[in-house]
Amino acid sequence: MENFTKKLDSTDVQRRLTLPENFLKDFQGEHEANLKFKDEEGQVWTFRCRVSPRGSSKPALSGDWFSFVRKKGLSTGDVIVIISDKEKDVAAGEHFKIKIKKSASTHHQN
């Protein structure tokens, strides 16, 4: 799988994070799953990933995604990078990595 980079829009910050259709190729037959993501500080987050049973919509992350958004102070224009080469470690189990790049406008709002 390739890495995924996305500039966050208002839907991503307020409702759910949509992913490209081909991001979760291994999501065969399932419509919902909990996926683990490890941030740059080493904290593991569990996001609920849901795909429409009709197959007409892109996968979307919700659940702890909103806690992640608040804790990281994410806003529209910030960029996230999901490294989709799943890693495995004893403490976290199998997980993706997630990184944040704050937009210049977010940095200068203080």
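Residue numbers restart at each chain and count upward from 1, following the sequence in its written direction. Given that this is a predicted model, residues contribute local features only at a pLDDT of at least 70 and side-chain atom pairs are listed and counted only at 80 or more, while totals for whole chains, interfaces and linings are drawn from all residues. The side-chain values count all of the structure's non-hydrogen atoms but skip hydrogen atoms and water molecules.

### What to know about the side chain of Lys6
Spelled out, the test is: Where helices and strands are cited, they refer to DSSP runs of H or I of at least four residues and of E of at least two residues respectively, numbered from the N terminus. Under the scheme applied here, a residue whose accessible area is under 20% of the maximum for its type counts as buried, over 50% as exposed, and between as partly exposed, the area being computed with a 1.4 Å probe on protein chains only. Think of a polar contact as two N or O atoms within 3.5 Å of one another; within protein, one of them needs to be a possible hydrogen donor and the other a possible acceptor, and neighboring residues in sequence only count if both atoms come from side chains. We call two residues contacting when some pair of their heavy atoms lies within 4.5 Å.
With respect to the helices, strands and loops of the structure, Lys6 is situated in strand S1 (residues 4-7). Residue Lys6 is classed as buried on the basis of its relative accessible area of 14%. Of the polar contacts made by the side chain of Lys6, one reaches the side chain of Asp12; its length is 2.9 Å. Excluding residues that lie within four positions of it along the chain, Lys6 makes contacts with Asp12, Leu17, Thr18, Asp78, Val79 and Ile80.

### A few points about the pattern of salt bridges
Heads up, the condition is: Every case where a carboxyl oxygen of Asp or Glu lies within 4 Å of a side-chain nitrogen of Lys or Arg is listed as a salt bridge.
Evaluation of the coordinates by the stated rule reveals 6 salt bridges. With its nearest N and O atoms 3.4 Å apart, the salt bridge here joins Glu32 to Arg50. Highlighted residues: Glu32 in strand S3 (residues 32-38) and Arg50 in strand S4 (residues 44-50), separated in sequence by 18 residues. Since its relative accessible area comes to 37%, Glu32 is described here as partly exposed. Glu41 serves as the salt-bridge partner of Lys72, at 2.4 Å between the closest nitrogen and oxygen. With Lys72 in helix H2 (residues 65-72) and Glu41 in the loop between S3 and S4, this pair connects stretches of sequence that are 31 residues apart. Using a relative accessible area of 60% as the deciding quantity, one classes Glu41 as exposed.

By themselves, these observations are geometric and do not establish any function.
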